[in-house]
Amino acid sequence: MFDIITIGNDVLKEKATLISDIDDNIINLINEMTEILEKKNGVGLAAPQIGEKKRIFITKVPGDILRVFINPEIIQTSQELETYEEGCLSIPGVWANVVRPSAIIIQAYDIKGKIFKIEVDGVLSRVIQHELDHLNGILFTDRLNDKQREKVLKIYDRKNNPK
């Protein structure tokens, strides 16, 4: 069983590699990620968060189905931006307001290797953008200004490394 990697681990800052073949190993990874996501009550999980530098993430936002994104790519973003509070399983116990495009069009492969394209907005758009950032070595704290980032990281440190 994999465990979620937390901030400070170099894997979270590295770019994930493309998946060339959706084989049994990838299927097993998706199943493992799904179990972890459900156990942690999360809405999204990227492979790098469990130490796998592969371009894959899953989402399960309330009221929606479990979605699998393999080699995802955002092909269009809205001009309209939206601020929303985000948290992360890799930075437990802290949240901050992050500005992102309110809607996107994303293209990816599904678990059967079939390419798909969807247009999303709202919470699903936010979660997809957050998880795709993980595939590029970006954490939500990287999207904050220096003062906000410092504040969030101090809170994280206080909560997770008590003296």
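Above this text is the structure in question.
Residues numbered from 1 in each chain as written. Predicted model: local features only at pLDDT ≥ 70, side-chain atom pairs only at ≥ 80, totals over all residues. Heavy atoms only, no water.

A. Seen up close, the side chain of Ser90. Within the secondary structure, Ser90 sits in the loop between β4 (81-88) and β5 (91-101). A polar atom in the side chain of Ser90 sits 3.0 Å from the side chain of Gln49. Beyond its immediate sequence surroundings of up to four residues, Ser90 is in contact with Ile4, Ile5, Thr6, Ile7, Leu12 and Gln49. (Helix = DSSP H or I, 4+ residues; strand = E, 2+ residues; numbered from the N terminus. Polar contact = N/O pair within 3.5 Å; in protein donor to acceptor, adjacent residues only side chain to side chain. Contact = heavy atoms within 4.5 Å.)

B. Local environment of helix α3 (residues 146-160). Taking 1.5 Å per residue as the helical rise, α3 with its 15 residues ought to reach 21 Å, and the 21 Å between its terminal C-alpha atoms agrees with that figure. Backbone nitrogen of Lys147 and a side-chain oxygen of the N-cap are separated by 3.1 Å at the start of α3; the cap is Asn145. (Expected span 1.5 Å × (residues − 1).)

C. A look at helix α2 (residues 122-135). Compared with an ideal rise of 1.5 Å per residue, which puts 14 residues at 20 Å, α2 spans 21 Å between its outermost C-alpha atoms and is within 8% of the ideal. Those residues of α2 that fall on the buried side of the exposure criterion are Leu124, Ser125, Arg126, Val127, Ile128, Gln129, His130, Glu131, Leu132, Asp133, His134 and Leu135. Following α2 by one or two positions, Gly137 adopts a phi angle in the positive range, close to 75 degrees. (Buried < 20%, exposed > 50% of the residue type's maximum accessible area, 1.4 Å probe, protein only.)

D. The arrangement of the sheet that holds strand β6 (residues 103-109) in detail. Taken in spatial order, the 5 strands of this open sheet run β1-β2-β3-β6-β7, and their pairing is antiparallel. On the outer flanks of this sheet lie β1 (44-46) and β7 (115-121), each paired with one strand and no other. Pairwise comparison of adjacent strand axes, ignoring direction, gives a mean angle of 40 degrees for this sheet. In this structure, β1 lies alongside strand β2 (residues 56-59), joined through 3 bridges in antiparallel fashion. Residue pairing across strands places Gly44 opposite Thr59, the latter belonging to β2. Sheet strands touched by helix α1 (residues 24-40): β1, β2 and β3 (67-77). Its angle to β2, the strand with the most contacts, is close to 40 degrees. Sheet contacts for α2: β1, β2, β3, β6 and β7; angle to β2, the most-contacted strand, approximately 155 degrees. (Pairing = 2+ DSSP bridges. Axes fitted to C-alpha atoms, helices over the stretch in contact; angles between N-to-C directions.)

E. Broad picture of the packing of aromatic side chains. Scanning the entire structure with this criterion turns up 2 aromatic pairs. A centroid spacing of 4.7 Å and a plane angle of 20 degrees characterise the contact between Phe57 and Phe69, whose relative ring orientation is stacked. Taken together, the residues span a long stretch of sequence, with Phe57 in strand β2 and Phe69 in strand β3 at a distance of 12 residues. Classification of Phe57 by relative accessible area gives buried; the value is 0%. Given a relative accessible area of 0%, Phe69 falls into the buried group. Look at Phe69 and Phe116: their rings are 5.6 Å apart centre to centre, the planes differ by 50 degrees, and that puts the pair in the tilted class. With Phe69 in strand β3 and Phe116 in strand β7, the pair connects residues that are 47 residues apart, well separated along the chain. Judged by its relative accessible area of 22%, Phe116 falls in the partly exposed class. The rings of Phe57, Phe69 and Phe116 are connected pair by pair, giving a single aromatic cluster. (Phe/Tyr/Trp six-rings, centres within 6.5 Å; stacked < 30°, edge-to-face > 60°.)

F. Main features of the pattern of salt bridges. Counted according to the given criterion, the structure contains 10 salt bridges. Note that Lys13 and Asp142 form a salt bridge whose closest N and O atoms lie 2.8 Å from each other. Linking Lys13 in the segment before α1 with Asp142 in the loop between α2 and α3, this pair joins segments that are 129 residues apart in sequence. For Asp142, a relative accessible area of 30% corresponds to the partly exposed category. A salt bridge links Lys154 to Glu150, with the nearest nitrogen and oxygen atoms 3.5 Å apart. In this pair, Lys154 and Glu150 are both assigned in helix α3, 4 residues apart and thus about one turn of the helix distant. Within this structure, Glu86, Arg100, Arg126, Asp133 and Arg143 form a network of salt bridges that share partners. (Salt bridge = Lys/Arg side-chain N within 4 Å of Asp/Glu carboxyl O.)

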